[in-house]
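A closer look at the structure
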Amino acid sequence: MLAALNTMLLAGAPSAAAAPTDTVLPIPVAGIATGPTGLLLPLVGQHVTATTDPDLPGITRFAGTERACACAIHWRNLTTGATGTANLWFGPPTSGGTAVTGSGILVATVTTSGVGWPITVLPGAGLWTVP
């Protein structure tokens with residue numbers, strides 16, 4: 001009887017939707033980015049956030065955490081072996097790059113980007129899981 005009561009209660013319960021997960025890559029990127037002309041731009045020094053959503057499996061969205069970032073995220077899916085690069089450029093802090101990473105455990109390094117000779121003093125890095 002208790003099992004039947006539990007079944008009736010659960011059948012009428014609303015389904016829970018999982019929210020997107022933000023993972024701040026723990027090692028920040030630091031360096032000097034270059035613009036379209038190759039001239040040096042402001043210093044880059046910040047963390048990058050990887051956002052995953054259970055409703056969009058295999059997709060990761062990257063954004064600068066403190067402000068917009070002129071960065072390149074070089075990622076590797078340790079589960080499938082897939083690799084790729086997502087680029088961020090100056091814009092609103094919420095703007096970012098999206099990558100089809102596939103589901104699994106991912107690692108990434110982050111470097112400054114731009115035309116010419118961008119200088120990365122400290123590459124950022126991190127690990128996250130994509131549903």
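To be clear, the structure that these remarks concern was listed above.
Just so it is clear, the structure is predicted and the values come from calculations on it, not from any experiment.

1. Describing the overall build of the protein chain
Counting its regular elements, the protein chain contains one helix and eleven strands. Reading the secondary structure of the protein chain in the N-to-C direction produces α-β-β-β-β-β-β-β-β-β-β-β. For the protein chain, buried positions account for 32% of its 131 residues. Partitioning the intrachain contacts of the protein chain with sequence separation of at least 6 by distance along the chain shows that 63% fall at a separation of at least 24. Surface exposure of the protein chain reaches about 7400 Å², of which carbon and sulfur atoms provide 69%.

2. Examining the side chain of Thr52
Along the chain, the position of Thr52 falls in strand 4 (residues 48-52). Classification of Thr52 as buried rests on a relative accessible area of 5%. Once residues lying within four places of it in the same chain are set aside, the contact partners of Thr52 are Pro20, Thr21, Ile59, Thr60, Trp128, Thr129, Val130 and Pro131.

3. Some details on the state of the cysteines
Two cysteines whose sulfur atoms are joined by a covalent bond form what is called a disulfide. Tallied over the full model, the rule gives one disulfide. Here Cys69 engages in a disulfide with Cys71; their sulfurs sit 1.5 Å apart. Here the two residues Cys69 and Cys71 agree in accessibility, since each one is buried.

4. Some points on a nonpolar patch on the surface
There is a patch of nonpolar side chains on the surface, built from Ile27, Leu40, Ile119, Val121 and Leu122 and spanning about 460 Å² of accessible area. Top element by residues in the nonpolar patch is strand 10 (residues 119-122). It accounts for three residues. Considering the arrangement of structural elements, one finds Val121 in strand 10.

5. Here we look at the sheet that holds strand 6 (residues 71-77)
Strands sit in the order 7-6-9-11 across an open sheet of four strands; the sheet is antiparallel. Only two strands of the sheet have a single neighbouring strand rather than two, namely strand 7 (83-87) and strand 11 (124-130). Here the average twist between neighbouring strands, direction ignored, is 25°. For strand 6 and strand 9 (residues 104-112), the ladder comprises seven bridges, and the chain directions are antiparallel. Looking at strand 9, one finds that Arg76 is bridged to Val107.

6. Quick word on the environment of Ile105
Tracing the backbone shows Ile105 in strand 9. Classification of Ile105 by relative accessible area gives partly exposed; the value is 40%. Sequence separation of Ile105 and Thr80 is 25 residues, and the distance between their C-alpha atoms is 8.7 Å. Once residues within four sequence positions are removed from consideration, Ile105 is found in contact with Arg76, Asn77, Leu78, Thr79, Leu127, Trp128 and Thr129.

Definitions and cut-offs
- Residues numbered from 1 in each chain as written.
- Predicted model: local features only at pLDDT ≥ 70, side-chain atom pairs only at ≥ 80, totals over all residues.
- Heavy atoms only, no water.
- Helix = DSSP H or I, 4+ residues; strand = E, 2+ residues; numbered from the N terminus.
- Buried < 20%, exposed > 50% of the residue type's maximum accessible area, 1.4 Å probe, protein only.
- Contact = heavy atoms within 4.5 Å.
- Areas by Shrake-Rupley, 256 points an atom, 1.4 Å probe, with all protein chains shown as cover.
- Disulfide = S-S within 2.5 Å.
- Patch = residues over 30% accessible without salt bridge, like charges linked within 9 Å, V, L, I, M, F, W, Y side chains within 5 Å.
- Salt bridge = Lys/Arg side-chain N within 4 Å of Asp/Glu carboxyl O.
- Pairing = 2+ DSSP bridges.
- Axes fitted to C-alpha atoms, helices over the stretch in contact; angles between N-to-C directions.

Any link to function would need more than the numbers given here.
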